[in-house]
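Descriptive analysis of the structure
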Amino acid sequence: MDGDSSPVTTAATTVDSIADVLKNQCLDDNNHNEDTVSQNRVKLKLEELKWDHSFVRELPGDPRTDLTPREVLHACYTKVSPSAEVDNPQLVAWSDSVSELLDLDPQEFQRSDFPLLFSGASPLVGAMPYAQCYGGHQFGMWAGQLGDGRAITLGEVLNSRSQRWELQLKGAGKTPYSRFADGLAVLRSSIREFLCSEAMHNLGIPTTRALCLVTTGKFVTRDMFYDGNPKDEPGAIVCRVAQSFLRFGSYQIHASRGKDDFGLVHALADYCIRHHFPHLENLSRSDSLSFTTGQGDDSVVDLTSNKYAAWTVEVAERTASLIANWQGIGFTHGVLNTDNMSVLGLTIDYGPFGFLDAFDPSYTPNTTDLPGRRYCFANQPDIGSWNIAQFATTLSTAQLINDKEANYAVERYGTKFMDEYQALMTKKLGLPKYNKQLISELLKNMAVDKVDYTNFFRLLSNVKSDHSIPDDELLIPLKAVLLDIGKERRDAWTSWVKSYIKELSTTGVSDQERKRSMDSVNPKYILRNYLCQSAIDAAEQGDFEEVRRLLRVMERPYDEQPGMEKYARLPPAWAYRPGVCMLSCSS
């Protein structure tokens, strides 16, 4: 994607500012909660939560409620209750900050019946559970109906700030969308989803959240590598929380079924705009959101004349901003199917994800993705564009937007991604402005020497902007990550550091100030797969303390946290075995 492909417009800043407000909506809301902790905080018991059920109330549902696997037609959801068997379920971990979003008193986690309520074994007062219908492209191929095969939404909680939060139990049992699966989840994958949801939020990346994680006390059979060697693993259920779990595939499934279901696409779009993009309801020409995409009058895209076009553009820009953040932090999702793409621009569905250890642009954490590496780290920006094109085509097919508006949304994705990525990389290096050659040369060197991505950028802030440093001392601040390199590679790195220092000298910023700034965007702690695995190994033996300790560390990823340094170490040799550095979709 070309960073210079921005369309000629007199109002680009206007649409960018709207999209920027939107893309950070969830983050801003969450940060607001954390910044306003006070004695005035509302603290409710579970029975006092203010439930709402707008999705069920405002959209058509399946007239059937049985669990028979089937095509669910002309409906957005099926009412279904949790059905996972439990035997003395246990609370593994919980998030106090998510309880705050819900106005839930954190003392409620200590209730003896809490694990029963959040395993689905006992019904929550006020809940109205359902499973959502959606479809999607999987590995680039249309897969038809998919849907919530093991996730059951309990409903939406309205907090004291009028924010809407949807609660969902993942691993709570079969639904009509389970196909041939059991609707269950294992402790291993549930720990990973719980921890990564909270880690990503604390890194400042839009994401679904996780309230709590419980074991079911039952075993679940899983073939982790699809190699014919299944084994029994402890079962678990994670309570996911988001303002909405609507996906690109939520719209695709209905558009794919023909004209009779176009009304459902329209209804879902109206629902999403009404509750999550309300400022688009009353756009007027005074907002000046008109853009020229070529020559002639027919090349003008006026976003004020079609709220669905404005919405599509904002979904595209949110998605671009999200993936730019992934690339900056070194996160690989692993399964970027269109059913795993949030219309709110959230990271959603944590399966075989992975953060980069040694920098490798072709890294994929998903064994299922190995043959073609479609979803590898370097491909994520282009896959995001492809997915946005499918989403825009869906809305065009359902006659909500025209082809010109659909193409413009894809174009805006590309421009927004490059703007955000370049700005982020500039901050990561502490540069005064984007320097393509310097950054490209750095990434090339990192790939050649398999340099640890996170630790390198954290250490880079220790480089001094001092031209008098002798050549043989230039690499001292980076010695912990430049391991086992010969003279040729040492010379290459020395040359790069010299260029870097030359660029830094033009900033007029002190070394101390630059270090503070760089350390605020380059984390010391990320949720490396081997850290997850250590916590999983202990939890499978009944010891949940490492899961809780890891959560606490990941709550402050940019802080030094004296005494926690072991969580920032390079992966040990065992971390590169299958099942740790790579997992399958079933994980």
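For clarity, every value in this text was computed on a predicted model and none was experimentally measured.

1. Digging into the overall build of the protein
Looking only at helices and strands, the protein has 17 helices and 15 strands in total. By sequence separation, contacts in the protein at least 24 residues apart represent 74% of the contacts at least 6 residues apart. Of the roughly 23,000 Å² that the protein leaves accessible, carbon and sulfur atoms contribute 50%.

2. So, the packing of aromatic side chains
Inspection of every chain in the model, using the stated rule, returns 26 aromatic pairs. Seen in terms of ring centroids, Phe114 and Phe118 are 4.5 Å apart; in terms of plane orientation they differ by 20 degrees. Their pairing is stacked. Phe114 sits in the buried class, given a relative accessible area of 0%. What makes Phe118 buried here is its relative accessible area of 1%. A centroid spacing of 5.1 Å and a plane angle of 65 degrees characterise the contact between Tyr453 and Phe457, whose relative ring orientation is edge-to-face. Of this pair, Tyr453 and Phe457 both sit in helix H13 (residues 453–460), separated by 4 residues, roughly a single helical turn. Each member of the pair, Tyr453 as well as Phe457, is classed as buried. Of the aromatic side chains, those joined through ring pairs into one cluster are Phe359, Phe377, Tyr453, Phe456, Phe457, Trp493, Trp496 and Tyr500. Here the basic side chain of Arg192 rests over the ring of Phe353, its NZ or CZ set 4.0 Å away from the ring centre. Against the face of Phe457 rests Lys428, its NZ or CZ located 4.5 Å from the ring centre.

3. Brief notes about the nonpolar core
Across soluble globular proteins, nonpolar side chains have a tendency to be buried as a group. Of all hydrophobic cores here, the largest spans 130 residues; its most connected members are Tyr251, Trp311 and Phe456. Looking at this core, the element that brings in the most residues is helix H9 (residues 307–329), giving 13 residues. Beyond its immediate sequence surroundings of up to four residues, Phe456 is in contact with Leu442, Met446, Val451, Leu478, Val481, Trp493 and Trp496. Core analysis: the second largest hydrophobic core is formed by 34 residues, Val98, Phe114, Trp165 and Ala172 among them.

4. Remarks on the pattern of salt bridges
Tallying each qualifying case throughout the model produces 39 salt bridges. A salt bridge links Glu193 to Arg240; the shortest N-O distance between them is 2.9 Å. Of this pair, Glu193 sits in helix H6 (residues 187–203) while Arg240 sits in strand E11 (residues 231–242), and the two are 47 residues apart along the sequence. Relative accessible area serves as the criterion here: at 2%, Glu193 is assigned to the buried category. Overall, Arg240 belongs to the buried group, its relative accessible area being 2%. A single network of salt bridges, built from pairs that share partners, joins Asp52, Arg57, Glu58, Glu156, Arg164 and Arg274.

5. Comments concerning the state of the cysteines
All told, the structure shown has 0 disulfides when counted by the stated rule. Cys212 takes part in no disulfide bond, and the closest cysteine sulfur to it belongs to Cys239, at a distance of 4.9 Å.

6. Quick notes on the pairing of strand E6 (residues 135–138)
Of the pairings in the sheet, the one linking E6 to strand E7 (residues 141–145) comprises 3 bridges and is antiparallel in character. Within E7, the residue paired with Gly135 across the bridge is Gln145. The loop that links E6 with its antiparallel partner E7 comprises 2 residues; one of these, Phe139, has a positive phi angle of about 55 degrees.

7. Re H9
The α-helix winds at 3.6 residues per turn, so residues separated by three or four positions along the chain end up facing the same way. For H9, which comprises 23 residues, the first-to-last C-alpha distance of 33 Å matches the rise-based estimate of 33 Å (1.5 Å per residue) to within 8%. Extensive coverage of H9 is indicated by the burial of 21 of its 23 residues. Measuring from the backbone nitrogen of Tyr308 back to the side-chain oxygen at the start of H9 gives 3.0 Å, which picks out Asn306 as the cap. Following H9 by one or two positions, Gly330 has its phi on the positive side, about 85 degrees.

8. As for the side chain of Arg209
Examined against the element boundaries, Arg209 turns out to sit in strand E10 (residues 209–222). Classification of Arg209 by relative accessible area gives buried; the value is 1%. One polar contact links Arg209 to Glu198, side chain to side chain, over a distance of 2.8 Å.

9. Here's the deal with helix H10 (residues 380–397)
Here H10 is 18 residues long and its end C-alpha atoms lie 25 Å apart, about the 26 Å a rise of 1.5 Å per residue gives. The buried fraction of H10 amounts to 13 of the 18 residues, a majority that puts the element mostly inside the structure. A positive backbone phi angle near 65 degrees is found at Gln399, which sits one or two residues after H10.

10. A look at unusual backbone geometry
Positive phi, normally seen in glycine, also occurs at Arg373, with a value near 50 degrees. Inspection of the secondary structure assignment puts Arg373 in the loop between strand E15 (354–355) and H10. Judged by relative accessible area, Arg373 falls into the partly exposed class, the value being 31%. Despite not being glycine, Lys450 shows a phi value in the positive range, around 50 degrees.

11. Things to note about the confidence of the model for the protein
With 89% of its residues at a pLDDT of 70 or more, the protein has an overall mean of 91. Across residues 1–19, confidence stays below pLDDT 50; counting only partners more than four residues off in sequence or on other chains, it has 41 contacts. For the stretch residues 21–38, pLDDT sits under 50, and the model shows 36 contacts to residues farther than four places along the chain or on other chains.

12. Digging into the environment of Val448
Relative to the helices and strands, Val448 resides in helix H12 (residues 436–448). Along the chain, Val448 and Phe359 lie 89 residues apart, while their C-alpha atoms are 8.6 Å from each other.

13. Here's the deal with the packing of helix H11 (residues 403–429) against H12
Running from N to C, H11 and H12 cross one another at 75 degrees; their axes reach a closest spacing of 11 Å. Considered as vectors, H11 and H12 are oriented roughly perpendicular to each other. Only Leu438, Ile439, Leu442 and Leu443 of H12 make contact with H11, whose side of the interface consists of Tyr421, Met425 and Leu429. Taken together, the residues of the contact of H11 with H12 sort by class into 7 nonpolar, no polar and no charged.

14. Observations concerning the environment of Ala93
Its location among the elements puts Ala93 in strand E4 (residues 90–94). We classify Ala93 as buried; its relative accessible area is 0%. Note: C-alpha distance between Ala93 and Arg549 (456 residues apart in sequence) is 9.8 Å. Each residue touching Ala93, except ones within four places of it in the same chain, is listed here: Phe194, Cys212, Leu213, Val547 and Arg548.

Calculation notes
- Residues numbered from 1 in each chain as written.
- Predicted model: local features only at pLDDT ≥ 70, side-chain atom pairs only at ≥ 80, totals over all residues.
- Heavy atoms only, no water.
- Helix = DSSP H or I, 4+ residues; strand = E, 2+ residues; numbered from the N terminus.
- Contact = heavy atoms within 4.5 Å.
- Areas by Shrake-Rupley, 256 points an atom, 1.4 Å probe, with all protein chains shown as cover.
- Phe/Tyr/Trp six-rings, centres within 6.5 Å; stacked < 30°, edge-to-face > 60°.
- Buried < 20%, exposed > 50% of the residue type's maximum accessible area, 1.4 Å probe, protein only.
- Lys NZ or Arg CZ within 6 Å of the ring centre and 35° of its normal.
- Core = buried A, V, L, I, M, F, W, Y, C linked by side-chain atoms within 4.5 Å.
- Salt bridge = Lys/Arg side-chain N within 4 Å of Asp/Glu carboxyl O.
- Disulfide = S-S within 2.5 Å.
- Pairing = 2+ DSSP bridges.
- Expected span 1.5 Å × (residues − 1).
- Polar contact = N/O pair within 3.5 Å; in protein donor to acceptor, adjacent residues only side chain to side chain.
- pLDDT = per-residue confidence, 0-100.
- Axes fitted to C-alpha atoms, helices over the stretch in contact; angles between N-to-C directions.
- Parallel < 35°, antiparallel > 145°, perpendicular 65-115°, else oblique.
- Nonpolar A, V, L, I, M, F, W, Y, C, P; charged D, E, K, R; others polar.

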